[in-house]
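Below, each chain spelled out in residue letters.
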Amino acid sequence: MATTSSTETSSSPHIRSLIPARIDRLPWSRFHTRLVTALGVAWILDGLEITIAANVGPDLTLRNTLNMSAGAVSDIAWWYLIGEVIGALFFGQLSDKLGRRNLFMVTLGVYLIGSGLTAVTPNGGHWFIFLYATRVVAGMGIGGEYAAINSAIDEMIPAKFRGRIDLAVNGTYWAGAILGTIVTLYVLNHVEAFWGWRIAYIVGPILALSIIYVRRNLPESPRWQIMHGREAAAEASMREIEDDVSATTGALPPVDESKELEIRPTDQIGYLALLRTLFRHYPGRATLVSALMITQSFLYNAIFFTYGLVLEFFFHVKATDTAYYFFAFAAGNLAGPLILGRLFDTIGRKKMISGTYITAGVLLAITAQFFRAGYLTATTQTLCWAVVFFFASAGASAGYLTASEVFPLEVRAKSIAVFFAIAQAFGAFGSHWYGHLIGNGTDRNSLFVGYLVGAGAMIVGGIAAIIFGVNAEGKSLEDIAKPLSVIGKPSEAIFRTGADEVGGIGPRSVPDQRLAGHDDPTRTSPDDGTPLA
């Protein structure tokens, strides 16, 4: 169903393909469950790593372990974050260039090596530098996973399931956090300190090893292959998927022939050119993704990384007991995307994203008032946060969903990577600032102000969704954002604004300038689909 037309440019043939339509008409099957299980482990690993790092920190200050200072221990999270940003940017670019499958194998391997080396860090001396280096490597693997995995899942999941599945997968971060808490509570209380923190860090690599085999048997994204001119490989991958699905669901639904696309492979684009392009030609969508990613990252890092300090300093909970309160907090975060995810496909993206962001912001502002007034105990404060983040977690997961579906396929992984990197910078500031606001736990007013800022940030994200949101529910990725490779359909031309003016983002050769959107008065805006003329 993907055939090469007789019309050719100087550098590549045109391809007519129904592969996106063939993917989107598939029913849910064993293949999709295996895909989500194999790829979704990325978020479990990230939640596991962050939680273990937070919980084993005190043991790393002991003389019979690494004998690190408290400040040196707190820097571990910074180095992991730096690694995530580097990995997202580096592997995000490679994922768009070399393919999703190649990268989601590599990034898992990078994480496995980095975290495994963390567990064997020698004691004493300056070996803490080795520890920092291994955290950078582990972070690079997880950062690369965010870009490659979000792209692969969105491109291979049928359109009608994409929202709920993406939210559920992103929400499993908190399943990893719960697992990390269970692991550290056990090993830190039942295993000698010298071995306990090492055993905790080795759990992630063991989980990664168990999933590598499943990933090895997943096909490359046929969407990525066809948009990069790899017609035969795309057809082979698509037939593999269809055979797998039909083996468990029976005969497949017919393909809508009107969805056929005409494709001409594109050149690659660098990050600076990408940012210029996104904000020039997709200003509404770039603003939307920036607002959603920055506001959720700021709030989550600010609250999550200071969670134990608030319980200890303001509610006098023992440091060894704060992990027990974390279970309720994490459960609320995990439940949000799982319970509300389906509504993002039925009620719609704009309504649900704006609703979850604004609801979380309003509830956090109310909770902040209760906190300042001294009405809350450690238990009721945790329950309040669980309710707040039930909505915030669904919204935050939808932020990653939005970043991965509103931009063209050829730059999808890089787009996720660049907005992830920007958001992490604001998240790092949030945790640093809230740490100073907590101080010695005697001034509730300062932290109250911080909570109001966090609440306001989420409300701003919700307002951005109302103004700039995209109704992407149930739509093919190619209908949400036309791939840069697509130049037309059998019965209509698809005009793209300034495609040959943005540093190689358009076709390699455009013999007719109208295909680049220069002269046709009916060309449409990439943001809203309304005529520009």
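Read on for an overview of the structure.

What follows concerns the overall build of the protein chain. When helices and strands are tallied, the protein chain shows 20 helices and four strands. Residues classed as buried in the protein chain amount to 59% of the 533 residues present. Sequence separation of at least 24 residues holds for 82% of the intrachain contacts in the protein chain that already meet a minimum separation of 6.

What follows deals with the environment of Arg 412. Checked against the element boundaries, Arg 412 lands in helix H18 (residues 412-438). Excluding anything up to four places from it in sequence, Arg 412 contacts Asp 96, Arg 100, Ser 151, Glu 155, Ser 404, Glu 405, Phe 407 and Leu 477.

Of note, Thr 181 is situated in helix H7 (residues 173-190). In contact with Thr 181, not counting residues within four places along its chain, are Thr 51, Asn 55, Ala 323, Phe 326 and Phe 327.

Applying the stated criterion across every chain, the model contains 20 salt bridges. In this structure, Arg 349 engages Glu 405 in a salt bridge whose closest nitrogen and oxygen atoms are separated by 2.9 Å. You can see Arg 349 sitting in helix H16 (residues 349-373) and its partner Glu 405 sitting in helix H17 (residues 378-405), a full 56 residues away along the chain. You can call Arg 349 buried: its relative accessible area is 1%. Under the relative-accessibility criterion, Glu 405 is labelled buried at 2%.

All right, on to the packing of aromatic side chains then. Tallying each qualifying case throughout the model produces 39 aromatic pairs. For the ring pair Phe 194 and Trp 195, a centre distance of 4.9 Å and an interplane angle of 85 degrees mean the geometry is edge-to-face. Judged by centre distance (5.7 Å) and plane angle (50 degrees), the ring pair of Phe 304 and Phe 326 falls under tilted. Of this pair, Phe 304 sits in helix H12 (residues 283-304) while Phe 326 sits in helix H14 (residues 322-340), placing them 22 residues apart in sequence. Above the face of the Phe 448 ring, Arg 372 is positioned so that its terminal group lies 4.0 Å from the ring centre.

Quick notes on the rules
Residues numbered from 1 in each chain as written. Predicted model: local features only at pLDDT ≥ 70, side-chain atom pairs only at ≥ 80, totals over all residues. Heavy atoms only, no water. Helix = DSSP H or I, 4+ residues; strand = E, 2+ residues; numbered from the N terminus. Buried < 20%, exposed > 50% of the residue type's maximum accessible area, 1.4 Å probe, protein only. Contact = heavy atoms within 4.5 Å. Salt bridge = Lys/Arg side-chain N within 4 Å of Asp/Glu carboxyl O. Phe/Tyr/Trp six-rings, centres within 6.5 Å; stacked < 30°, edge-to-face > 60°. Lys NZ or Arg CZ within 6 Å of the ring centre and 35° of its normal.

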